[in-house]
There are 2 protein chains.
Amino acid sequence: MNSGEKIELLATPQDYNFGPGEANALELDCGRKLYEVNIRYETFGTLSAERDNAILIAHALTGDAHVCGKHSPDDRKPGWWDNMIGPGKYLDTDKYFIICSNVIGGCSGSTGPRSVNPATGELYNLDFPVITIADMVRAQKRLIDHLQIPKLLAVIGGSMGGMQALEWSKLYPDMVQSTVAIATTHRLAPQSIAFNWVGSQAIRSDADFDNGNYAVNPEHGLATARMLAHITYLSDESMEQKFGRNLQDADSYSFAFKRDFAVESYLEHQGQRFVERFDANSYLYITRATDYFDLSGGGSLAEAMKPATSDFLVVSFSSDWLFTTAQSEEIVKALLANGLNCSFCEIESSYGHDAFLLEVDRLGALIRDFVANQRKKF
Amino acid sequence: MNSGEKIELLATPQDYNFGPGEANALELDCGRKLYEVNIRYETFGTLSAERDNAILIAHALTGDAHVCGKHSPDDRKPGWWDNMIGPGKYLDTDKYFIICSNVIGGCSGSTGPRSVNPATGELYNLDFPVITIADMVRAQKRLIDHLQIPKLLAVIGGSMGGMQALEWSKLYPDMVQSTVAIATTHRLAPQSIAFNWVGSQAIRSDADFDNGNYAVNPEHGLATARMLAHITYLSDESMEQKFGRNLQDADSYSFAFKRDFAVESYLEHQGQRFVERFDANSYLYITRATDYFDLSGGGSLAEAMKPATSDFLVVSFSSDWLFTTAQSEEIVKALLANGLNCSFCEIESSYGHDAFLLEVDRLGALIRDFVANQRKKF
């Protein structure tokens, strides 16, 4: 490497296995236990001697532990939040010790439905227990204990990552100095449950699905589910700007049931890219975890959040119709009712839900300053 | 029947066949022709001697010619707009001659992909030509000619019916005294095209689809497409009010990938009811017709609507996110720019797009008064 080139952040995936036996099992909300759980994670930066600079990043629905940097300089792309995290970036790895782990139920290294069930030697598939957001957080807590970090400076997440961050603040208040919940909700709305249901039916109706015991990923159904979800990640405004009614490869309609419109080609591309990296069973499990997510337990959110003590930063995006500003405001109201410090910002953006990955400059500055203040208070 | 009982409006389906041969063929936007086209239609009330009281109702995506009344007193349900149309109702069949026909491409009596191709003696299936909203209107025009009605008092439609009404006003201005376009758009937005694409993929991936040559309706894929579309017909607000996060048959989550939520059971029910009455190929053809719908031809809507001369009533619903008030306003602006009489009303409603079928009292009063005024101007 020439001395003039920028030195890239290199990431090394690591594994933490809870170990065998009853004592190490992870108890789940469904009443079952997971044995020999593995957590795939990556860390960046250095844990301070005072252990006061650790930040846990919780990933979204189809994210993974590879949050920034590259595994090899030859990698085509860096981790999913590389514009946010790294040396000198908004979450500065010269200052902070950043941890990101793949959720249980996932398909990127942590124990999930395509893992081998140690009790049978076979893949779990649909015998994998139905997990919850709280279960994901309980597994992360075991990792943080393993890393001997008594208290996190911040737990930060967008979308489903925000659900985990909120759950952390409720389940383990003594371990959380601050919580950053971005483009998220305290409970999934029926419209979102409905979209997830349709997506799950598309997967289950794929001829290759075989009730979860597929030899090859049921790509058609999974791509359909992804295309549907992807629509909910964009705003009608951004789709209008990006595609309008533009045709893809022609000057006029084909009159032949082909992909005429640019937006159709875009969706197909997103679907195809997705099935190369994501597993259908994992998709069913993780979307179900979000369906089940209701921090209020069906009652008062303020009451349910009584255990939380951390400071909060809540961020929404104006054109996000999946997890709306109104939903963020419900969270803020409950936290303020509990006398907690809660900053709230709605960022004007036309990008819809995806803005949490795209509006990095405005979001990053907010997070940078919030976390710097938290370090002083730690 | 006891004399005290309300006498029900009885409806008799009728057929108009264009007849064989080149001279009777219907020329389509795609460049192909349809031969021996049949139009299924129903009429209510009596055509006046002056022939000045005929109203054409254009149905929505999955509607049919059976707009009101019952085919038999024993029918469980009347036609789809029975609360709007009938003796003494908002569209009073004692005053007006109401006509409603099934669109071509449909599966309720008019020529569509499951009709027999007279050239081959086989079902068209995917050999049926891809049709447009304008093609549907051209076929309706032939029916109106057949009925010897020189000019319609009004063409009225909601959703895809509104698209047809607008197309009528542009294609046959001399035949349209007034146009009522409800909960509609002058062109399908990319978000709607995207939802249609996902629905079409769900149908095509059904193992029973067989490239359209199915022996039995590919119910699973068609139900999935319908469930998806149905979400876009409701508002998040109405889903919250109607279902919230209510569970269907239990006090707690099943943790078993069952239909836990009331909204899931509702969608499944809608999907199942739909596949009993609608054909998968028709669904592909008719949704494609809406994808292709762009009254502006890609340019200025006002310019494209220059031929129109009728008076207009445009109605939107505040919570309709499929065809929004903003989209209705674009239509209104173009018509006003052309110096036409155009009344516009946004009705406050939480029902979403479905409001055009549910807010019958507020919508009905508007239409009743508008049409009465048009009769005076006729």
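What you see is a predicted model, and the numbers here were worked out from it, not measured in a lab.

1. Some points on the sheet that holds strand β5 (residues 54-58) of chain A
Residues and elements named next belong to chain A.
For step 1, the next point in the chain: With respect to topology, 8 strands assemble into an open sheet ordered β1-β4-β8-β5-β9-β10-β11-β12, the strand pairing being mixed. Each edge of the sheet is formed by a strand with only one pairing partner; in this case those strands are β1 (14-17) and β12 (342-347). Taking the axes of each pair of neighbouring strands and ignoring which way they run, one obtains an average angle of 20° across the sheet.
For step 2, the next point in the chain: As paired strands, strand β4 (residues 38-44) and strand β8 (residues 97-101) are joined by 4 bridges and run antiparallel to one another. Following the sheet pairing, Y41 is matched in β8 by S101.

2. Description of the sheet that holds strand β5 (residues 54-58) of chain B
All names here are of chain B.
For step 1, the next point in the chain: In space, the 8 strands of this open sheet follow the order β1-β4-β8-β5-β9-β10-β11-β12, with mixed pairing throughout. Since the sheet does not close on itself, it has two edges, and those belong to β1 (14-17) and β12 (342-347), each with one partner. Strand-to-strand, the axes of this sheet are offset by a mean angle of 20°, without reference to chain direction.
For step 2, the next point in the chain: Across 4 bridges, β1 lies against strand β4 (residues 38-44) in antiparallel orientation. Residue pairing for β4: Y16 is matched across the bridge by I39.

3. Focus on the relation of the copies chain A and chain B
Mapping between the two chain copies consists of a rotation about an axis together with a translation along that axis.
For step 1, the next point in the chain: With an RMSD of 0.0 Å, chain A superimposes on chain B once it is rotated by 180° and translated 0.0 Å along the axis. These values place the two chain copies in the arrangement generated by a two-fold rotation axis.
For step 2, the next point in the chain: The fraction of interface residues of chain A whose copies in chain B are also interface residues reaches 100%, indicating that both copies meet through the same surface.

4. Description of the pattern of salt bridges
For step 1, the next point in the chain: Tallied over the full model, the rule gives 32 salt bridges over all chains.
For step 2, the next point in the chain: Linking R114 of chain A and D279 of chain A is a salt bridge whose minimum nitrogen-to-oxygen distance equals 3.7 Å. Taken together, the residues span a long stretch of sequence, with R114 of chain A in the loop between β8 and α1 (133-146) and D279 of chain A in the loop between α6 (262-277) and α7 (280-291) at a distance of 165 residues.
For step 3, the next point in the chain: Judged by relative accessible area, R114 of chain A falls into the partly exposed class, the value being 27%.
For step 4, the next point in the chain: Because the salt bridges share partners, they merge into one network encompassing D260 and E264 of chain A together with R288 and D291 of chain B.

5. Considering unusual backbone geometry
Residues and elements named next belong to chain A.
For step 1, the next point in the chain: Although it is not a glycine, R51 adopts a positive phi angle of roughly 55°.
For step 2, the next point in the chain: Tracing the chain through its elements places R51 in the loop between β4 and β5.
For step 3, the next point in the chain: Classification of R51 as partly exposed rests on a relative accessible area of 29%.
For step 4, the next point in the chain: Even without being a glycine, F257 presents a positive backbone phi close to 55°.
For step 5, the next point in the chain: Mapped onto the elements, F257 comes out in the loop between α5 (236-242) and α6.

6. Quick word on helix α9 (residues 325-337) of chain B
Residues and elements named next belong to chain B.
For step 1, the next point in the chain: For α9, spanning 13 residues, the distance from its first C-alpha to its last is 18 Å, which sits close to the expected 18 Å at 1.5 Å a residue.
For step 2, the next point in the chain: Turning to α9, its buried residues number three or more, namely T325, Q327, S328, I331, V332, A334 and L335.
For step 3, the next point in the chain: Following α9 by one or two positions, G339 adopts a phi angle in the positive range, close to 75°.

7. So, the state of the cysteines
Residue and element names in this part refer to chain A.
For step 1, the next point in the chain: All told, the structure shown has 0 disulfides over all chains when counted by the stated rule.
For step 2, the next point in the chain: There is no disulfide at C100, and the cysteine sulfur nearest it, in C68, is 8.5 Å away.
For step 3, the next point in the chain: Here C100 falls in the buried class, since its relative accessible area comes to 0%.
For step 4, the next point in the chain: You can see C107 has no disulfide; the closest cysteine sulfur is in C100, sitting 14 Å from it.
For step 5, the next point in the chain: Take C107: its relative accessible area is 27%, and that puts it in the partly exposed class.

8. Some details on the interface of chain A and chain B
For step 1, the next point in the chain: Listed by partner, the interface residues are 51 residues for chain A and 51 residues for chain B.
For step 2, the next point in the chain: At the boundary of chain A with chain B, total buried surface from both sides reaches about 4800 Å², with 69% on carbon and sulfur atoms.
For step 3, the next point in the chain: There are 6 salt bridges connecting chain A and chain B.
For step 4, the next point in the chain: A salt bridge links R245 of chain B to D294 of chain A, with the nearest nitrogen and oxygen atoms 3.5 Å apart.
For step 5, the next point in the chain: Those elements that place two or more of their residues in the side of chain A that touches chain B are α3 (190-204), α4 (219-233), α5, α6 and α7 of chain A.
For step 6, the next point in the chain: Per element, the largest residue contribution to the side of chain A that touches chain B is 10 residues, and it comes from α3 of chain A.
For step 7, the next point in the chain: Class assignment of the residues belonging to the side of chain A that touches chain B gives a composition of 29 nonpolar, 8 polar and 14 charged.

9. Details of the confidence of the model for chain A
It should be kept in mind that the predicted coordinates are not to be read in detail where pLDDT is low.
All names here are of chain A.
For step 1, the next point in the chain: Chain-level statistics for chain A give a pLDDT mean of 96 and a share of 98% at 70 or above.
For step 2, the next point in the chain: Across residues 1-5 the pLDDT falls below 50, and counting only partners more than four positions away or on other chains, this stretch makes 2 contacts in the model.
For step 3, the next point in the chain: Scoring the predicted complex yields pTM 0.96 and, for the interface, ipTM 0.95.

10. Examining the side chain of H66 of chain A
Residues and elements named next belong to chain A.
For step 1, the next point in the chain: Tracing the backbone through its elements, the reader meets H66 in the loop between β5 and β6 (85-86).
For step 2, the next point in the chain: Of note is the side chain of H66, whose polar atom sits 3.0 Å from the side chain of E42.
For step 3, the next point in the chain: A polar side-chain atom of H66 sits 3.3 Å from the main-chain carbonyl oxygen of G69.
For step 4, the next point in the chain: In this structure, H66 is in contact with A11, E42, H71, P78, G79 and W80, ignoring residues within four places of it in sequence.

11. Some remarks on the side chain of D279 of chain A
All names here are of chain A.
For step 1, the next point in the chain: In this structure D279 comes out as buried when scored by relative accessible area, which is 9%.
For step 2, the next point in the chain: Among the polar contacts made by the side chain of D279, one reaches the main-chain amide nitrogen of S282 at a distance of 2.9 Å.
For step 3, the next point in the chain: Other than its neighbours up to four places away in sequence, D279 contacts C107, P113, R114, Y214, N217 and L222.

12. Points about the nonpolar core
For step 1, the next point in the chain: Core analysis: the largest hydrophobic core is formed by 182 residues, its most contacted members being I99, I104 and W168 of chain A together with I99, I104 and W168 of chain B.
For step 2, the next point in the chain: Ignoring anything within four residues of it in the chain, the contact list for I99 of chain A reads Y41, E42, T43, A54, I55, L56, I57, L143, I144, L147, I149 and L152 of chain A.

Parameters and conventions
- Residues numbered from 1 in each chain as written.
- Chains lettered and ligands numbered in written order.
- Predicted model: local features only at pLDDT ≥ 70, side-chain atom pairs only at ≥ 80, totals over all residues.
- Heavy atoms only, no water.
- Pairing = 2+ DSSP bridges.
- Helix = DSSP H or I, 4+ residues; strand = E, 2+ residues; numbered from the N terminus.
- Axes fitted to C-alpha atoms, helices over the stretch in contact; angles between N-to-C directions.
- Least-squares fit on C-alpha atoms with pLDDT ≥ 70 in both.
- Contact = heavy atoms within 4.5 Å.
- Salt bridge = Lys/Arg side-chain N within 4 Å of Asp/Glu carboxyl O.
- Buried < 20%, exposed > 50% of the residue type's maximum accessible area, 1.4 Å probe, protein only.
- Expected span 1.5 Å × (residues − 1).
- Disulfide = S-S within 2.5 Å.
- Buried area = accessible area lost by both parts, 1.4 Å probe.
- Nonpolar A, V, L, I, M, F, W, Y, C, P; charged D, E, K, R; others polar.
- pLDDT = per-residue confidence, 0-100.
- Polar contact = N/O pair within 3.5 Å; in protein donor to acceptor, adjacent residues only side chain to side chain.
- Core = buried A, V, L, I, M, F, W, Y, C linked by side-chain atoms within 4.5 Å.

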